[in-house]
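# Observations on chain architecture
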Amino acid sequence: MKDSPEVRQVMANPDDYVMKPQRNGGGNNFFGSAIADAIASLPQWELSMYTIQAFIRSQPRPTWVVTPRSSVEPRLINGIPELGVFGAFLRDRTKEEPLLNVAAGHLVRTKDVGNMGGGVCCGAAVLDSPLLE
């Protein structure tokens, strides 16, 4: 697996990807040269707990952030919105075709352009709504 064409592509262009663990909570992501280091050093069984995705470079926009904490005033950030699509997948190992493989919802969150990791739960991003222009 470490010698697959896909992994060679990631190793050759690590700044174009993000390596994320398959769990919620934000953080623990690898970016840039740290991806190549992780692929080279982690055992195969541990690598199987990560996914590698293309790093999408969105255009930041001025964004007012309002949090539920009364002590924090609304603030203006250089915001990057992210659309997350949830999926549901269910498979019987004895069958080739999955029993279920569907899109199951979505979430829009916005975080400051300088925040490379972290999400809504840890306070690094806020829930948002899409702006349809």
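It should be noted that the structure appears before, not after, this text.
Below, the structure is looked at part by part. Just so it is clear, the structure is predicted and the values come from calculations on it, not from any experiment. (Residues numbered from 1 in each chain as written. Predicted model: local features only at pLDDT ≥ 70, side-chain atom pairs only at ≥ 80, totals over all residues. Heavy atoms only, no water.)

Counted according to the given criterion, the structure contains two aromatic pairs. Both rings, one in F30 and one in Y50, keep their centres 5.6 Å apart while their planes meet at 55°; by these two values the pair is tilted. Here F30, found in strand β2 (residues 30-31), pairs with Y50, found in strand β3 (residues 50-54); they are 20 residues apart in sequence, far enough to count as distant. Residue class for F30 comes out partly exposed when judged on its relative accessible area of 23%. (Phe/Tyr/Trp six-rings, centres within 6.5 Å; stacked < 30°, edge-to-face > 60°. Helix = DSSP H or I, 4+ residues; strand = E, 2+ residues; numbered from the N terminus. Buried < 20%, exposed > 50% of the residue type's maximum accessible area, 1.4 Å probe, protein only.)

Inspection of the entire model under this criterion finds four salt bridges. One salt bridge connects K95 with D92, and the closest N-O pair in it is separated by 3.5 Å. Linked by salt bridges that have partners in common, E82, R109 and K111 make up one network. (Salt bridge = Lys/Arg side-chain N within 4 Å of Asp/Glu carboxyl O.)

Burial of nonpolar side chains together is a common tendency in soluble globular proteins. Ranked by size, the top nonpolar core spans nine residues in total: V7, V10, Y17, M19, I35, A38, I39, L42 and L47. Contributing elements (two or more residues each) for this core: α1 (5-12), β1 (17-21) and α2 (33-41). When near neighbours in sequence (up to four residues on either side) are disregarded, I35 contacts V10, P14, Y17, V18, M19 and F30. (Core = buried A, V, L, I, M, F, W, Y, C linked by side-chain atoms within 4.5 Å. Contact = heavy atoms within 4.5 Å.)

What follows concerns the sheet that holds strand β7 (residues 125-127). Read from one edge to the other, the open sheet built from four strands follows the order β4-β5-β6-β7, with strand pairing classed as antiparallel. Bordering the open sheet on either side are β4 (61-65) and β7, each of which pairs with just one other strand. Adjacent strand axes in the sheet meet at a mean angle of 50° when their direction is disregarded. In terms of strand pairing, strand β5 (residues 75-90) meets strand β6 (residues 100-112) through 12 bridges, oriented antiparallel. Its bridge partner being in β6, V85 is matched across the sheet by H106. (Pairing = 2+ DSSP bridges. Axes fitted to C-alpha atoms, helices over the stretch in contact; angles between N-to-C directions.)

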